[in-house]
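So the chains spell out like this:
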Amino acid sequence: MFKTAIIPGSFDPITNGHLDIITRTAALFDKVYVAILENSAKKPLFSVTERIELIKRVTSDLTNIEVEGFSGLLVDYANRRSAKFIIKGLRAVSDFEYEFQMALTNKQLAAHIETFFITTSCQYSYLSSSIVKEVASLGGSLKDLVPDSIINDVAEKFKN
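Residue positions are given per chain, counting from 1 as you read along its sequence in written order. This being a predicted model, a pLDDT of at least 70 is required before a residue's local features are given, and a value of 80 or more before pairs of side-chain atoms are given or counted; all residues contribute to the totals for chains, interfaces and linings. The basis for every side-chain value is the complete set of non-hydrogen atoms in the structure, without hydrogens or water.

(A) Spatial organisation of the pattern of salt bridges. By definition here, a salt bridge exists when the distance from a side-chain nitrogen of Lys or Arg to a carboxyl oxygen of Asp or Glu is within 4 Å. The final tally for this structure, using the stated rule, is 12 salt bridges. Close ionic contact of arginine 57 with aspartate 153 constitutes a salt bridge, the shortest N to O distance being 2.7 Å. Here aspartate 153 lies in helix α6 (residues 151-156) and arginine 57 lies in helix α2 (residues 48-58), a separation of 96 residues in the sequence. Three labels apply to residues, based on accessible area from a 1.4 Å probe with only protein chains included: buried if under 20% of the type maximum, exposed if over 50%, partly exposed otherwise in between. Owing to a relative accessible area of 30%, arginine 57 belongs among the partly exposed residues under this scheme. Residue lysine 143 pairs with aspartate 148 through a salt bridge whose shortest N-O separation is 3.1 Å. Taking the relative accessible area as the measure of exposure, lysine 143 reaches 46% and is therefore partly exposed. Starting at the N terminus, helices and strands are each numbered in turn, a helix being any DSSP run of H or I of at least four residues and a strand any DSSP run of E of at least two.

(B) Local environment of the layout of surface pockets. Using only the protein atoms, space was sampled on a 1 Å grid; points where a 1.4 Å probe fits but cannot get out form cavities, open sets with protein on both sides within 12 Å along at least five of seven lines form pockets, and lining residues are those with an atom within 4 Å of a point. Grid points are joined across faces, edges and corners, and a volume is the space filled by probe spheres set on the points. Empty space within the largest pocket amounts to approximately 1,300 Å³. Pro8, Gly9, Ser10, Lys88 and Glu99 are, among the 45 residues lining the largest pocket, the residues nearest its centre. Mapped by element, the contributors of at least two residues to the lining of the largest pocket are β1 (4-9), α1 (16-26), α2, α3 (74-80), β4 (85-90), α4 (93-109) and α5 (129-137). In terms of residue count, α4 provides more of the lining of the largest pocket than any other element does, eight residues in total. Across the lining of the largest pocket, the residue classes tally to 20 nonpolar, 15 polar and 10 charged. Throughout, the ten residues Ala, Val, Leu, Ile, Met, Phe, Trp, Tyr, Cys and Pro are labelled nonpolar, Asp, Glu, Lys and Arg are labelled charged, and all others, Gly among them, are labelled polar.

(C) The arrangement of the nonpolar core in detail. Residue types Ala, Val, Leu, Ile, Met, Phe, Trp, Tyr and Cys, when buried and joined through side-chain atoms within 4.5 Å, form a set referred to as a nonpolar core. Core analysis: the biggest nonpolar cluster contains 35 residues, and Ile22, Ile65 and Leu142 have the highest contact counts within it. Elements supplying a minimum of two residues to this core: β1, α1, β2 (31-37), α2, β3 (65-70), β4, α5 and α6. It is α2 that contributes the most residues to this core, five residues altogether. When neighbours within four sequence positions are excluded, isoleucine 22 is seen to be in contact with Ile7, Phe11, Ile14, Val34, Thr59, Leu62 and Ile65. Here a residue-residue contact requires only that any non-hydrogen atoms of the pair lie within 4.5 Å.

(D) Up close: the packing of aromatic side chains. Stacked, tilted and edge-to-face pairs are distinguished by plane angle, under 30 degrees for stacked and over 60 for edge-to-face with tilted covering the rest, among Phe, Tyr and Trp rings (Trp via its six-membered ring) whose centres lie within 6.5 Å. Evaluated as defined, the whole model comprises six aromatic pairs. Among the aromatic residues, ring-to-ring pairing joins Phe29, Phe85 and Phe116 into one connected group.

(E) Looking closely at unusual backbone geometry. Aspartate 12 connects to proline 13 through a cis peptide bond whose omega is 0°. Structurally, the position occupied by proline 13 is in the loop between β1 and α1. We note that serine 82 has phi near 55°; this positive angle belongs to a residue other than glycine. Relative to the elements of secondary structure, serine 82 occurs in the loop between α3 and β4.

(F) Seen up close, α4. Helices are assigned an expected span. That span is 1.5 Å times one less than the residue count. With 17 residues, α4 extends 25 Å between its outermost C-alpha atoms, agreeing within 8% with the 24 Å of an ideal straight helix rising 1.5 Å per residue. What α4 keeps buried is the set Asp95, Glu99, Ala103 and Asn106. Where the residues of α4 are buried, they touch α3, β4 and β5 (114-119).

(G) Region of the structure containing the pairing of β1. Counting buried residues in β1 gives five out of six residues, a clear majority hidden from the surface. Here is how to tell: hold the view so the strands point away, follow the path from the first strand over the helix to the second, and if it runs clockwise the crossover is right-handed. Note that the unit made of β1, α1 and β2 has a crossover that is right-handed. Strand direction decides the pairing type here: β1 and β4, joined by two bridges, are parallel. In the strand pairing of β4, alanine 5 is matched with phenylalanine 85. Between any two strands, at least two bridges found by DSSP are needed for them to pair.

Laid out in structure tokens, this is it:
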């Protein structure tokens, strides 16, 4: 059976923790969509187009990955992509409460779509895009926080 999953998120920017979840998910499913939420209420560091390019660059070795932007309900996007699985990465217990609520809401909206939670690898449990942006804004090293191939892209956003 052909199994398709979606990993939704803002990925602003993609971190090594995100990449860990994407890589592990790609090993479990035939097709994986990395779906970048287009949220007009937020002011992202990178545009959706830039985030797509960055994620494609760092996942180029994963042949079953597609990266796209989307807006609207996640379950509607999942239905358009014939995906029956939503994958959410968890760093800590604090992530679980919100993600569990979202999973139950999605289940109410589309009973045929399952949400799976994957805990991040221990070395990334502290890592978030917000932390990456804070470190970059203060001129700190991004080594081991984001994939090496995008360090300069992130640092460049904070040059005056």
